[in-house]
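For reference, the chains in residue letters:
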Amino acid sequence: MSASPAASAAFGHAVRVGAPNIPDRDRVLDRIAGALSRRTLSNNGPLVREFEDRLRRLTGARHCIAVTNGTVALELAVRACGLTGEVIVPSFTYVATPHALSWQGLTPVFGDVDAYGCLDPEHVRRLVTPRTSGIVGVHLLGTCCDAAGLEAVAAEFGLALLFDAAHALGSATDGRRVGTLGRAEIFSFHATKFVNSFEGGAVATDDDELAARVRAMRNFGQDDDGVVRSLGTNAKMHEISAAMGLTAVENITGLIAGNEQRHTWYADGLRDLPGIAVRGPRPADASNYSYLSVQVDPARAGVTRDEIVRRLAQENVFAKVYFHPGNHRLEPYPQERHRPLPLPRSERLAEQILVLPNSADLTADDVGLICRLIRDLVTPATGARGEQTSRPTVSVRARESS
Ligand code: T4K
């Protein structure tokens, strides 16, 4: 699906999904300089503790434990919860979600998603077996799970409920902040996340004992007194990551406002295009709008999702196909063990969703240009091009690279 940009590409520089947001540079560098002067670089230093404190205040969770990345955060969380056997997860998520479970010796069982692209509680109910110990819902691409629906299923069968909130820092659903749902939630601060710490993650929980177990696990099984009482690994975040994450999260309100503004620009720019839908959060959500996902119905749009991605790449716009082909179709997950039921919604989304660039440096003109590029590709299946014929073809070279 890769295509080289044409010499006359609309953008003179690469516009990528996942281009990192860089927070206040001077503040980050000051903080790193402080760490160098203190000669405290790791092992839960002052910047990590300050970052954790910020996350606690933001999410309302009693504990936020910073770790090396979101994948490890999920591994620690499921292990600390004592999950065994089968754990129900959506297929339509990044591969890190099922991999973290498999890496801990668990069997991810793939459930289908609801109309918002998150794990469907009714489908989960049909997947529960005597071997099931937990459910991991994923707040996906800016949309929160049906938390109440999943809580009801978890309570009915006595299952642990966790959430992969890698995409959902700063979001809330039904007035409940992400970070406080289920037994634990995990965050990612990978470079591509709107709040990043280069690499990083966190486990959030209200459960004191669970938090103590996660803290020990991230530090070789040592308790706060430095004595090893359990098995553990090394999952500690270092001070440079915390300097970056802390500086980013201090400005999270501004970042979310920017994400939402760009979402509005995209929604306006792609409005009324047949077969093209800018996906929005659930009505009950206060979303962070960090991912900009669009669903392409090729029968109505007259163009496939993959063709749009290819043609945008020729214009120096690098959309991402998240998450194709669906984890149940990946080689490590043989169907009979991990996919007991058909997953029609997941299959459709995996074929139709694309994610467009949404980093903080994109201007209204940039978004307008990307929307015009897409408009020019869409041909109504009815044969009549309608309003598209009167639109200008894209010829502007936006923001030449310096
Ligand atoms: N759960 C969920 C639901 C997740 O989505 C993820 C991660 C996790 C758990 C696990 O969290 P971590 O262990 O990663 O903390 C990216 C990210 O690597 C991954 O963190 C993220 N989700 C996933 C959705 O996206 P790729 O395969 O798209 O990465 P890559 O290398 O293609 O980069 C994406 C785009 O970002 C490219 O266009 C280039 C651009 N980029 C990337 C980096 C690293 C930059 O412009 N600068 C950079 O420094 O996975």
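Up top you'll find the structure we're talking about.
Residues numbered from 1 in each chain as written. Predicted model: local features only at pLDDT ≥ 70, side-chain atom pairs only at ≥ 80, totals over all residues. Heavy atoms only, no water.

On to the site of the ligand, then. Around the ligand, 25 residues are found, and the nearest of them are Thr-71, Asp-164, His-167, Ser-188 and Tyr-322. Here Val-17 contributes a backbone N or O atom positioned 3.0 Å from an oxygen atom of the ligand. Between the ligand and the protein, one listed contact pairs an oxygen atom with a side-chain N or O atom of Lys-320 at 2.8 Å. Look at the ligand: alone it shows 930 Å² of surface, and the protein chains cover 75% of it. For the shell around the ligand, the secondary structure elements donating two or more residues are helix H3 (70-80) and helix H4 (96-103). (Near = heavy atom within 4 Å. Polar contact = N/O pair within 3.5 Å; in protein donor to acceptor, adjacent residues only side chain to side chain. Areas by Shrake-Rupley, 256 points an atom, 1.4 Å probe, with all protein chains shown as cover. Helix = DSSP H or I, 4+ residues; strand = E, 2+ residues; numbered from the N terminus.)

Okay, the pairing of strand S9 (residues 184-188) next. Burial analysis of S9 places 5 of its 5 residues in the buried class, which makes it a mostly covered element. Alternating positions in S9 separate into two faces, Ala-184, Ile-186 and Ser-188 on one and Glu-185 and Phe-187 on the other, with burial throughout. With 3 bridges connecting them, strand S6 (residues 160-164) and S9 associate as parallel partners. By the bridge assignment for S9, Phe-163 is matched with Glu-185. (Buried < 20%, exposed > 50% of the residue type's maximum accessible area, 1.4 Å probe, protein only. Pairing = 2+ DSSP bridges.)

What follows covers helix H2 (residues 46-59). Note on helix geometry: an α-helix contains 3.6 residues per turn, so any two residues three or four positions apart are oriented the same way. For H2, with 14 residues, the first-to-last C-alpha span of 20 Å sits near the 20 Å given by 1.5 Å per residue. By the burial criterion, the buried members of H2 are Leu-47, Val-48, Phe-51, Glu-52, Leu-55 and Thr-59. Looking down the long axis of H2, one finds its buried residues gathered within 135 degrees of arc, a one-sided arrangement. Of the residues one or two after H2, Gly-60 is the one with positive phi, at around 80 degrees. (Expected span 1.5 Å × (residues − 1). Arc of directions from axis to C-beta.)

This brings us to helix H11 (residues 305-314). Looking at H11, one finds that the buried residues are Arg-305, Ile-308, Val-309, Leu-312 and Ala-313. In a view along the axis of H11, the buried residues occupy a sector of 135 degrees, so they form one face of it. On its buried face, H11 sits against strand S11 (276-278), strand S13 (292-296), strand S14 (317-318), helix H13 (344-352), strand S15 (353-356) and helix H14 (364-377). One or two residues past the end of H11 sits Asn-316, with phi positive at roughly 75 degrees. (Contact = heavy atoms within 4.5 Å.)

All right, on to the packing of H2 against helix H8 (residues 239-249) then. At a minimum axis separation of 8 Å, H2 and H8 run at an interaxial angle of 35 degrees. H2 and H8 meet at a crossing whose hand is left-handed. Of the residues in H8, those touching H2 at Pro-46, Leu-47, Val-48, Glu-50, Phe-51, Arg-54, Leu-55 and Leu-58 are Glu-239, Ala-242, Ala-243, Gly-245, Leu-246 and Val-249. Looking at the contact of H2 with H8 residue by residue, the classes come out as 10 nonpolar, 1 polar and 3 charged. (Axes fitted to C-alpha atoms, helices over the stretch in contact; angles between N-to-C directions. Left-handed = near helix turned anticlockwise from the far one by under 90°. Nonpolar A, V, L, I, M, F, W, Y, C, P; charged D, E, K, R; others polar.)

A few words now on the side chain of Asn-288. In this fold, Asn-288 is placed in the loop between strand S12 (285-286) and S13. Among the polar contacts made by the side chain of Asn-288, one reaches the main-chain carbonyl oxygen of His-167 at a distance of 3.0 Å. Residues in contact with Asn-288, not counting those within four places in the same chain, are Gly-142, His-167, Ala-168, Leu-169, Ser-171, Phe-194, Ile-256 and Asn-259.

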